[in-house]
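Take a look at the letters that make up each chain.
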Amino acid sequence: MANHRICENLYLASAFYRAHPCLSPAAPTIVSTRTRLLGRYILLEKVSLMLKSQQLVCRRCAVPAVLCLVLLAWSASADSFKKHPQAIPVGPEPEDIVAADMNGDGLPEIFTADRGEMYEPREERPANNELSYLKAEGDLTYSRQTLPTGFGPYCIAVANMDALPAPDLVVGNFHAAKSRHISLFRNVEDNLLASQFELATDTLSYARMRDFDGKPVYTLPGITALIVKDVDGDGYRDVLATGWSCDVLIFVPGVYESYLGEPRYIPAYGGPRDLAAADFDGDKHTDLVTTMYCTNEVALWKGDGTGAFEEAGRFPSRGALPHKVAVADMNRDGEEDLVVSHCHADDSIVIFFGDGGFQFSLSQEILLGKERAKVEHEVRDLVVADFDNDRRMDIAVACYASQSVIVLMNKSKKGQTPLTFDKETYTFKNGSPRALCTADFDKDDNQDIGIALWNTDAVTFLLGK
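Residues numbered from 1 in each chain as written. Predicted model: local features only at pLDDT ≥ 70, side-chain atom pairs only at ≥ 80, totals over all residues. Heavy atoms only, no water.

Asker: Report on the overall build of the protein chain, specifying residues and quantitative values.
Answerer: Scanning the protein chain for helices and strands turns up one helix and 36 strands. Within the protein chain, the proportion of its 465 residues that are buried is 59%. Per element, the accessible surface of the protein chain, about 18400 Å² overall, is 50% carbon and sulfur. (Helix = DSSP H or I, 4+ residues; strand = E, 2+ residues; numbered from the N terminus. Buried < 20%, exposed > 50% of the residue type's maximum accessible area, 1.4 Å probe, protein only. Areas by Shrake-Rupley, 256 points an atom, 1.4 Å probe, with all protein chains shown as cover.)

Here it is in structure tokens:
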């Protein structure tokens, strides 16, 4: 059979994705190597700033019906950020971006997971296998190095994995064909020392797309997100990850000599795509929330403090293809809320308001586009932070199709539901935002946004005023 190429830029109609929800986001569409992508199928329109719809739903009494439809005008406001005029080159198709001060000089370094185009896993080089390391030199200037990873680096976490004071890097590799599922970079005297870890996958079952010969399109376990945290309280950092290709959550315990031990797999039907950690029930153990990409759900997981997790419930995400999730107290009522974005099928963000424990009875939907049935923005990443230091959590999203970053500045009163936002849109003519991170890049005590751009393969900034 002729070789096939996996091309994530090929966008099909949203109705097709609704009918076949497992064909993205880490699930690109297979096309022949002879097929050339000449353009997108959807013509983008300029986004209106005048009026958007927000829906408030009570799951206790109306699932999935809408309890209340609230039409709210976006408030007019001055821009909270200014675009940095320069872009810093990185590797091909950066899928994730993080920032951290690696040497204690007060300037955050930047790392991008340069995934590259993905091909059949049986090919000798099925994807790119490097990170870009942008070392801060001052005044928003950087020198670039590369770091070796497994194939298809997809997600990065910064954490201290050893006894040394400097932070380290942990990388999840989505398309690792034979080994190198997790890459660890220990920060030793300003040098990043690489170690590669293979996860045993012989007990896992492949659950995603297959090619025309019935062979898997992706590899196992297919890591799409990871976090690092001392889950079991032994003083060593553990890795928690999503195994999208085989419907599992992955717990890799931290150990003394080799840093990472043998993995444990937790069944998680539905295509777990992203995860976040919090103590939802107040028992001082780490719990999890995951987006279930293929079943359009949000799943909650109760931890017992040993690395074991039991599903505590799941509910509809109120959209197709839930992609990213963040945990924050959005309405300042003392309870953790969930912020979920959807990709490919609609341009919605949904806030699920926490009641305490694993209960999220009320939710608010924010539609970024003018029409629900039309994808104008294609949200690919989401960050939640207090950008203007007013103690209210704001939202920023990377919009690939509209080549923009949309920032929602929270203007709500304490305890208010639904929330109100000022909307700010920043467009980028020469690249498509794919991933976001936050840091004070220019040392002015304001939160900035780092942006990984596709098409130009670069990093640029929105600098807080």
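Asker: Please give an account of the pattern of salt bridges that cites residues and values.
Answerer: A full pass over the atoms with the stated rule returns 17 salt bridges. R372 is the salt-bridge partner of E365, the closest N and O atoms lying 2.5 Å from each other. Overall, R372 belongs to the partly exposed group, its relative accessible area being 33%. For K411, the salt bridge goes to D388, with nearest N and O atoms at 3.5 Å. Note that K411 is positioned in the loop between β32 (404-410) and β33 (421-427) and D388 in the loop between β30 (379-385) and β31 (394-399), a separation of 23 residues in sequence. What makes K411 partly exposed here is its relative accessible area of 36%. Residue classification places D388 among the partly exposed positions, given a relative accessible area of 29%. One network of salt bridges, with partners in common, ties together E93, E95, R115 and R434. (Salt bridge = Lys/Arg side-chain N within 4 Å of Asp/Glu carboxyl O.)

Asker: I'd love a proper account of the layout of surface pockets, names of residues and values included.
Answerer: Reported here for the largest pocket is a volume of approximately 900 Å³. Lining of the largest pocket is provided by 36 residues; of these, I227, L275, V325, L382 and V383 occupy positions nearest its centre. Of all the elements in the fold, those that place two or more residues in the lining of the largest pocket are β7 (94-100), β12 (153-159), β16 (223-229), β22 (272-278), β26 (322-328), β30 and β34 (432-439). Classifying every residue of the lining of the largest pocket by side-chain character gives 24 nonpolar, three polar and nine charged. (1 Å grid on protein atoms, 1.4 Å probe; cavity = no way out; pocket = protein on both sides within 12 Å on 5 of 7 lines; lining within 4 Å. Points joined across faces, edges and corners; volume = space filled by probe spheres on them. Nonpolar A, V, L, I, M, F, W, Y, C, P; charged D, E, K, R; others polar.)

Asker: Give a detailed account of the packing of aromatic side chains, specifying residues and quantitative values.
Answerer: Counted by the stated rule, this structure contains 15 aromatic pairs. With a centroid separation of 6.2 Å and 50 degrees between ring planes, the pair formed by F174 and W244 is classed as tilted. Of the two residues, F174 is situated in the loop between β13 (168-173) and β14 (182-188) and W244 in the loop between β17 (238-243) and β18 (248-252); the sequence distance between them amounts to 70 residues. In this arrangement the basic side chain of K83 is found over the ring face of F428, its NZ or CZ atom lying 5.2 Å from the centre. (Phe/Tyr/Trp six-rings, centres within 6.5 Å; stacked < 30°, edge-to-face > 60°. Lys NZ or Arg CZ within 6 Å of the ring centre and 35° of its normal.)

Asker: For the pairing of β30, give the residues involved together with the corresponding values.
Answerer: Among the seven residues of β30, six are classified as buried, and the element is accordingly described as predominantly covered. Bridge count between β30 and β31: six bridges; the pairing is antiparallel. Counted as the bridge partner of V379 is C399 from β31. (Pairing = 2+ DSSP bridges.)

Asker: Please provide a residue-by-residue account of the sheet that holds β16, values included.
Answerer: Taken together, the four strands give an open sheet; going across it, the order is β16-β17-β18-β21, and neighbouring strands pair in antiparallel fashion. Lying at the two open borders of the sheet, with one neighbouring strand each, are β16 and β21 (264-267). On average, adjacent strands in this sheet sit at an angle of 20 degrees to one another, irrespective of strand direction. For β18 and β21, the ladder comprises four bridges, and the chain directions are antiparallel. Bridge pairing links L249 to I266 in β21. (Axes fitted to C-alpha atoms, helices over the stretch in contact; angles between N-to-C directions.)

Asker: With reference to specific residues and values, describe the side chain of D96.
Answerer: Mapped onto the fold, D96 is located in strand β7. K324 provides the closest opposite charge to the buried, salt-bridge-free D96, at an N-O distance of 5.8 Å. Only 2.9 Å separates the side chain of D96 from the backbone nitrogen of I156, close enough to count as a polar contact. (Lys, Arg positive; Asp, Glu negative; His and termini not counted. Polar contact = N/O pair within 3.5 Å; in protein donor to acceptor, adjacent residues only side chain to side chain.)

Asker: Can you lay out the side chain of R208 for me, pointing to particular residues and giving the numbers?
Answerer: As for its placement among the helices and strands, R208 is situated in the loop between β15 (191-197) and β16. On the basis of relative accessible area, R208 is assigned to the buried category, the value being 10%. Here W244 takes part through its backbone oxygen, which lies 2.7 Å from a polar atom of the side chain of R208. In this structure the side chain of R208 is engaged in a polar contact, spanning 2.9 Å, whose partner is the side chain of D247.

Asker: Break down the nonpolar core for me, citing the residues and quoting the values.
Answerer: In terms of nonpolar packing, the biggest core is built from 37 residues, with V170, I182, Y218, I223, L226, V228 and V239 touching the most fellow members. Considering each element in turn, this core owes the most residues, four residues, to β12. For V239, the contacting residues outside a window of four places in its chain are V170, I182, L226, I227, V228, I250, F251, V252 and L260. M330, V339, L368 and I395 belong to the second largest nonpolar core, which has 18 residues in total. (Core = buried A, V, L, I, M, F, W, Y, C linked by side-chain atoms within 4.5 Å. Contact = heavy atoms within 4.5 Å.)

Asker: How would you summarise the sheet that holds β15 if you had to cite specific residues and measurements?
Answerer: If you walk across this open sheet you meet the four strands as β12-β13-β14-β15, and the pairing is antiparallel. The strands lining the two open edges of the sheet, one partner per strand, are β12 and β15. Sheet twist, expressed as the average angle between the axes of neighbouring strands with direction ignored, equals 20 degrees. In the sheet, β13 pairs with β14 via four bridges, with the strands oriented antiparallel. The residue of β14 that forms the bridge with G172 is I182.

Asker: Go over the pairing of β34 with me, naming the residues and quoting the values.
Answerer: For β34, the buried fraction is high: seven of the eight residues fall into the buried class. Inspection of the sheet shows β34 paired to strand β35 (residues 448-454) by seven bridges, in the antiparallel sense. Residue pairing for β35: T438 is matched across the bridge by I449.

Asker: So, unusual backbone geometry: which residues are in play, and what are the values?
Answerer: Backbone torsion omega between L220 and P221 reads 0 degrees, so that peptide bond is classified as cis. In this fold, P221 is placed in the loop between β15 and β16. Across the junction of T417 and P418, the peptide omega takes the value 0 degrees, indicating a cis bond. With respect to the helices and strands, P418 occurs in the loop between β32 and β33. Backbone geometry places R332, a non-glycine residue, at a positive phi of 55 degrees. Considering the arrangement of structural elements, one finds R332 in the loop between β26 and β27 (337-342).

By themselves, these observations are geometric and do not establish any function.
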